[in-house]
Amino acid sequence: MVCGHVWLLLLLLCGTLCSGAAASPDGLAAASAAAAAAASRQPRWVTTAPPPHAAATLDPPASAAALEQLPSVAVAAATDAEETSVTNITTQLGTSVFLPCRTDLASERQVSWVRRRDWHILTSGMQTYTREERFAVHHPEGSTEWTLAIKYVQLADAGTYECQVSSGEGLESHLVNLEVATPRAMIPGRDTHHVEAGSTISLTCLIEQSPEAPQYIFWYHDSRMINYDRRRGGVEVRVEAGPTVTSHLTVSGARPQDSGNYTCAAANTEAASVFVYVTEDNKIAAVQPRALGGSASPPASLLLLGTLLLLLMLPPPPMVPLLPAR
């Protein structure tokens, strides 16, 4: 019985000593070293830019930060694209333009529009990735066309746009070069016109650098529009279409109060102006020579020179002898 208790005490003492050795500082250090060695064998991941193929799987941006990250993705994706076609389009300032892009098949594909000036993704699929509401993509269901629409075109919109079509063989690239033209009005002739009272004022305005005819062409006398001037009467405006749009203004029965500044202004164009002088019959003869750089009467120097020449050509008077004084 005593021997049984002794063996029990020995077993309890041995267990206490073993647990103390495991909890000693040396034991803890050995366990930490083993954990560090195991961690060093695990791979370390470093955060980098998105891979190139991420451009084909873009989600709609949920914040401004997502919008700022999109251009860097487009740069990586565009470098491997195969350029298959180039289209040149000229549009007028302030109008709407449609940039075409057509795929080979009508099946669902990832199509993106990229502005090459800053490599910014404008659209991807049917989503728009720009804060400017002037840009939108048009894609009828089941069609092969992905058209980029730009409203109210600005001069800064000029440049190259790239349509990227993602297929099983990679990316196909269709380029569109957009040129923005600024139409301007031009009135041929001098900056001033002299018209005799009672005659007709006739002015012509040419609209240059205009890919399409302007929606309107207005004529102004000073600050008042006179296209439909019923109070004055005798005003007619006639427009001729063609490669260069021309507007003709005629004002019959010119009066002195018709003098002033005449301006031709068309839609989305730089205006042109000319000044018209309406003079009376007895005054126009004195005004026009001065405008041409002449004079109404010969100068006094020419009269003096003519008199001297005439005196030299005359024969000298006979010599009269002088009588002696008495």
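Everything here concerns the structure above.
Calculation notes
- Just so you know, the residues in each chain are numbered from 1, in the order the chain's sequence is written.
- With pLDDT at 70 or above as the cut-off, local features in this predicted model cover only qualifying residues; side-chain atom pairs require 80 or more to be listed or tallied, and sums for whole chains, interfaces and linings still use all residues.
- As a rule here, side-chain values cover all heavy atoms of the structure and leave hydrogens and water aside.
- Here a strand is any run of E in DSSP of at least two residues, a helix any run of H or I of at least four, and the numbering for each starts at the N terminus.
- Relative accessibility thresholds used throughout: buried, under 20% of the residue-type maximum; exposed, over 50%; partly exposed, between the two (1.4 Å probe, protein chains only).
- Residue contacts follow a heavy-atom distance rule, with two residues in contact if any of their heavy atoms lie within 4.5 Å.
- For the purposes of this analysis, a disulfide is any pair of cysteine sulfur atoms at a distance within 2.5 Å.

Points about the environment of isoleucine 217
Link 1 in the chain: In this fold, isoleucine 217 is placed in strand 13 (residues 217-221).
Link 2 in the chain: The class for isoleucine 217 is buried, based on a relative accessible area of 9%.
Link 3 in the chain: If we ignore the near neighbours within four places in the chain, the residues touching isoleucine 217 are Ile207, Asn227, Val239, Val245, Ser247, Cys264, Ala265 and Ala266.

As for the state of the cysteines
In protein structure, a disulfide is the covalent linkage between the sulfur atoms of two cysteines.
Link 1 in the chain: Within the structure shown, the criterion is met by two disulfides.
Link 2 in the chain: Linked covalently through their sulfurs, cysteine 101 and cysteine 163 form a disulfide whose S-S length is 1.9 Å. Because the sign of the S-S torsion sets the handedness, a value of about -70° for the bond joining cysteine 101 and cysteine 163 places this disulfide among the left-handed ones. Of the two residues, cysteine 101 is situated in the loop between strand 2 (97-99) and strand 3 (110-115) and cysteine 163 in strand 8 (residues 159-167); the sequence distance between them amounts to 62 residues. The pair cysteine 101 / cysteine 163 is uniform in exposure class, with both members buried.
Link 3 in the chain: Between the sulfur atoms of cysteine 205 and its disulfide partner cysteine 264 the distance amounts to 2.0 Å. Judged by the torsion about the S-S bond (-80°), the cysteine 205/cysteine 264 disulfide is left-handed. With a gap of 59 residues between them, cysteine 205 in strand 12 (residues 201-208) and cysteine 264 in strand 17 (residues 260-266) connect regions that are remote in the sequence. In terms of burial, cysteine 205 and cysteine 264 fall into one category: buried.
Link 4 in the chain: Described in terms of the sequence order of its bonded cysteines, the disulfide pattern of the protein chain is 1-2, 3-4.

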